[in-house]
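Listed here are the chains, written in short residue letters.
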Amino acid sequence: MTKCEKLDLFHRGEDISAYEFFGCHPVGEGKYVFRVWAPHAHKVSVVGDFNGWDCEKCLMTKLADGESYEVETSAAEGDRYKFCITTFDGRKLYKCDPYSFRSDFPSSTASVIYTSLKTNSRLPAVEGEQPVNVYEVNLLSWKKHKDGSYYSYADLERELVPYVRDMGYTHVEFMPVTEYPFDGSWGYQVTGYFCVTARLGTPEQFASLIDAFHKNGIRVILDWVPAHFPKDDFALYEFDGQPLYECPLWDNMEHSGWGTRKFDFGRGGVDSFILSSACYFLDKFAVDGLRVDAVAAMLYLDYDKNAGQWTPNEYGDNRNLKAIEFIKKFNRLIKKNYQSAITVAEESTAYPQVTSPVENGGLGFDYKWNMGWMNDVLFYCRQDPLYRHYHHQKITFSMVYSFGERYVLPLSHDEVVHVKGSIVNKMPGEYGDKFATMRALLGFMYAHPGKKLNFMGYEIAQFSEWNYKSGIEFFMKKFEMHRKMSVYVKDLNWFYRQNRPLYEIENDWKGFEWLVVDDVINNVLVFNRYDNDGNCLLAVINFSGIDQYNYRFGQHPGRYRKIFSSDATRYGGGGRFGKRIFATKKRKSHGKEYSLTMDIPKLCCLYFIKEK
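Being a predicted model, the structure only gives us computed values, none of them experimental.

J.: How should I be thinking about helix α7 (residues 371-382) in this particular structure?
T.: For an α-helix, the turn length of 3.6 residues means that residues three or four places apart are oriented alike. Look at α7: 16 Å from first C-alpha to last across 12 residues, which is about the 16 Å you get at 1.5 Å a residue. Among the residues making up α7, those that are buried are M371, W373, M374, D376, V377, L378, Y380 and C381. On the buried face of α7, the contacting elements are β19 (367-369), α8 (392-396), α9 (398-401), β20 (407-411), α10 (423-426) and α11 (431-447).

J.: Please explain the state of the cysteines as it appears in this structure.
T.: Here, disulfide denotes a covalent bond that connects the sulfur atoms of two cysteines. If you walk through the whole model with that rule in mind, you get 0 disulfides. Cysteine C604 remains unbridged, with the sulfur of C605 as its closest cysteine sulfur at 6.7 Å. Looking at C604, the relative accessible area reads 0%, which means it is buried.

J.: Where do I start with the pairing of strand β13 (residues 219-224) in this structure?
T.: Residues in a regular strand project their side chains so that they alternate between the two faces of the sheet. The buried count for β13 comes to 6 of 6 residues, which makes it a mostly enclosed element. Of the two faces of β13, both are covered, the one formed by R219, I221 and D223 as well as the one formed by V220, L222 and W224. Sheet topology note: the strand β10 (residues 171-174)/β13 ladder contains 4 bridges and is parallel. Bridge pairing in β13 places F174 opposite L222. Pairing between β13 and strand β17 (residues 289-292): 4 bridges, direction parallel.

J.: What is the right way to read the sheet that holds strand β15 (residues 254-255) from this model?
T.: Overall, antiparallel pairing links the 3 strands, which are arranged β14-β16-β15 in an open sheet. Every interior strand has two partners, whereas the edge strands, β14 (228-230) and β15, have only one. Bridging between β14 and strand β16 (residues 260-262) involves 3 bridges; their strand directions are antiparallel. Within β16, the residue paired with H228 across the bridge is K262.

J.: Honestly, the sheet that holds strand β9 (residues 133-137) in this entry has me stumped. Any pointers?
T.: Backbone-to-backbone hydrogen bonds join strands into a sheet, with any given pair of strands oriented parallel or antiparallel. The 8 strands are arranged β9-β10-β13-β17-β18-β19-β20-β21 in a closed barrel whose pairing can be described as parallel. On average, each strand axis in the sheet is inclined to that of its neighbour by 25 degrees, with strand direction left out of account. Docked against the sheet, α7 engages β19 and β20, running at close to 40 degrees with respect to β20.

J.: Can you help me understand the packing of helix α2 (residues 153-167) against helix α12 (residues 480-498) in this one?
T.: When two helices pack together, their arrangement is given by the angle between the helix axes and the distance between those axes. Packing of α2 against α12 leaves a shortest axis separation of 8 Å and a crossing angle of 70 degrees. The angle between α2 and α12 places the two elements in the roughly perpendicular class. Note on element contacts: α12 touches α2 through S486, V489, K490, N493 and W494, opposite R165, D166 and M167. Its residues placed into classes, the contact of α2 with α12 shows 3 nonpolar, 2 polar and 3 charged.

J.: I would appreciate a short explanation of the packing of α7 against α11 in the present structure.
T.: Their axes nearest at 11 Å, the elements α7 and α11 cross at an angle of 150 degrees. In terms of their interaxial angle, α7 and α11 are classed as roughly antiparallel. Here the hand of the crossing between α7 and α11 comes out right-handed. Residue-level inspection shows W373, V377, L378 and C381 of α7 in contact with α11, the latter providing T437, L441, F444 and M445. Taken together, the residues that form the contact of α7 with α11 break down as 7 nonpolar, 1 polar and no charged.

J.: What am I meant to see in unusual backbone geometry here?
T.: With the exception of glycine, most residues fall at negative phi, and the peptide bonds are largely trans. Of note, the bond from F105 into P106 is cis; its omega dihedral lies within 30 degrees of zero at 5 degrees. Its location among the elements puts P106 in the loop between β7 (92-95) and β8 (111-112). Residues other than glycine seldom take positive phi values, yet N523 does so here, at roughly 55 degrees. Position of N523 relative to the elements: it lies in the loop between β22 (512-519) and β23 (524-530). Judged by relative accessible area, N523 falls into the buried class, the value being 2%.

J.: Which parts of the structure should I look at to understand the packing of aromatic side chains?
T.: For any pair of aromatic rings, geometry is given as the distance between the ring centres together with the angle between the planes. Summed over the entire model, instances satisfying the criterion amount to 66 aromatic pairs. With 5.4 Å between their ring centres and 85 degrees between their planes, F10 and W37 make a pair best called edge-to-face. In this pair, F10 sits in helix α1 (residues 3-11) while W37 sits in strand β2 (residues 31-37), placing the two residues 27 residues apart along the sequence. Of the two residues, F10 and W37, neither departs from the other in class, the shared state being buried. Between F512 and W514, the ring centres sit 5.1 Å apart and the planes meet at 90 degrees, which makes this aromatic pair edge-to-face. Overall, the relative accessible area of 3% leaves F512 in the buried class. The positively charged end of R35 is found above the aromatic ring belonging to F21, 4.2 Å away from the centroid. The ring of Y380 carries the charged tip of R388 above its face, separated from the ring centre by 5.6 Å.

J.: Looking at this structure, I do not really get the pattern of salt bridges. What am I missing?
T.: A side chain of one charge can pair with a side chain of the opposite charge when the charged atoms of the two come close. The full count for this structure, using the stated rule, is 47 salt bridges. D211 is the partner of K215 in a salt bridge, and the nearest nitrogen-oxygen pair spans 3.3 Å. Taken as a pair, K215 and D211 lie in helix α3 (residues 203-215) at a separation of 4 residues, close to a single helical turn. K215 gets classed as exposed once you look at its relative accessible area, which sits at 68%. For D211, a relative accessible area of 18% gives the class buried. Residues E593 and K586 are paired through a salt bridge, measuring 4.0 Å at the closest nitrogen-oxygen approach. In the salt-bridge network here, residues are joined through shared partners; they are E129, R406, K451, E506 and R529.

J.: Please explain the side chain of N493 as it appears in this structure.
T.: Residue placement: N493 occurs in helix α12. N493 sits in the buried class, given a relative accessible area of 0%. At a separation of 2.9 Å, a polar atom in the side chain of N493 contacts the side chain of N133. Looking at N493, its side chain comes within polar contact range of the side chain of Y446, at 2.7 Å.

Thresholds applied
Residues numbered from 1 in each chain as written. Predicted model: local features only at pLDDT ≥ 70, side-chain atom pairs only at ≥ 80, totals over all residues. Heavy atoms only, no water. Helix = DSSP H or I, 4+ residues; strand = E, 2+ residues; numbered from the N terminus. Expected span 1.5 Å × (residues − 1). Buried < 20%, exposed > 50% of the residue type's maximum accessible area, 1.4 Å probe, protein only. Contact = heavy atoms within 4.5 Å. Disulfide = S-S within 2.5 Å. Pairing = 2+ DSSP bridges. Axes fitted to C-alpha atoms, helices over the stretch in contact; angles between N-to-C directions. Parallel < 35°, antiparallel > 145°, perpendicular 65-115°, else oblique. Nonpolar A, V, L, I, M, F, W, Y, C, P; charged D, E, K, R; others polar. Left-handed = near helix turned anticlockwise from the far one by under 90°. Phe/Tyr/Trp six-rings, centres within 6.5 Å; stacked < 30°, edge-to-face > 60°. Lys NZ or Arg CZ within 6 Å of the ring centre and 35° of its normal. Salt bridge = Lys/Arg side-chain N within 4 Å of Asp/Glu carboxyl O. Polar contact = N/O pair within 3.5 Å; in protein donor to acceptor, adjacent residues only side chain to side chain.

Right under this line is the structure:
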């Protein structure tokens, strides 16, 4: 492809490999070409270790589009550099390369010449509905060394990979690893859309970490941030002296609540930049999916705005039509070029058809986080059991809409920060009741339709909220209840993977049947899950604070064997009611001719399979 053809593709917003043209690339022994898009600049040069950071030594010339610049010069792998952009009003802006593959952080804000990354191997696509159980990780704070320093990518390869494998997760999701200057943003204020953070090592070491997960059969999802970027003066912010990557219109320029700028969706060079960032990680690192952050902030013109702070679209409503078209374009390109990759929307509203195919009028994501389920279930479980009957609809309402989208059930990092309390510490009651309720909650979650996502630390019932400055408190496992919670989560993870009724039919009533949905007084839920062959798994959850004796509910005739109990002593429970085999009797209940009768421990989840 010629330069003119590449630039034309870029400006049409259809270039998914703009990183192969813009940025810094070798052109011969000790020679590199630098290219940058800066349409509002008066002049541009590249400065770095190779020219004494002198703005006059490597002046760049305009390309045929009249908006981009390039220069060839002698340099070396590992040299630091920036673009010096002179504005028409005489200012000199020193900007890191938007397309750089490596940063000099934390030593400086410069980019680093880096060209040697090899492409990772990709896991093959799988047929049919598969179990998806995601372990969400902040790589900077999963564990830390005794001196408080970060675990490197190599450290994580040595310890995180076998941990995730042994615990039985199918996927791991990294909170943003693209370079960012402020640890307290958790990676969500990105300044390097093609750089993995240099805090933890090199791109090769990050690629090796991904490859190690793949060799252990674990797929990797990256948290990716196309909704906004920070106002650091060395990065994308007013890159060439005027708004370039951000929208120039006053009412659509900023996310005031986050103190960030919005991307100017629909502008060809901006679309190509963002799309290329996504495809870079899919291409070079062979990641298995992208979780797209803050989709709601992209969809709505009035997101986080009051009346008078936004302008309706041409139809008079609040949809951001350009962002919507960008999202559709993004998902079309991913499906076309990376058939085994998934995209996941963190979308907190009732926007329709988020996970419907683009050709059917949808946005095209594979999954959407079910924020409604998360909010309702956590609200319910925070209530004292004595008062849960007032809020019974919170625990059942999700099934009203559960098949409208393809959902992930998230208990994410957002639920264990900002004084919200850790998962176990949200639970009411005395010490043992907190653990029992959390086990019942997880048992309900794993039986409920939808894929699963849990944030690091929940698996040991850490009482402290997540703090990005410190590691997960794995030392808590020396205490019995925390150690047993880890065993419970591990067993639950493997149980989920090994029982097809829990994941095979996620989006149809053929895979789910309520048996007890309205027992407001006793706080009991009972339902069946089915696989494609009609095999049945029965889930019984008692969210009340008392044991239920001789509890009867309608069920299809047959014998049912208890195969999992959150009340087992192995998990820190009381081990009550040891009967394992239950046979239905011809006695009407809950609209069925046959029924089961059993004793159910308090704050407990039980699973049964129907024997053939």
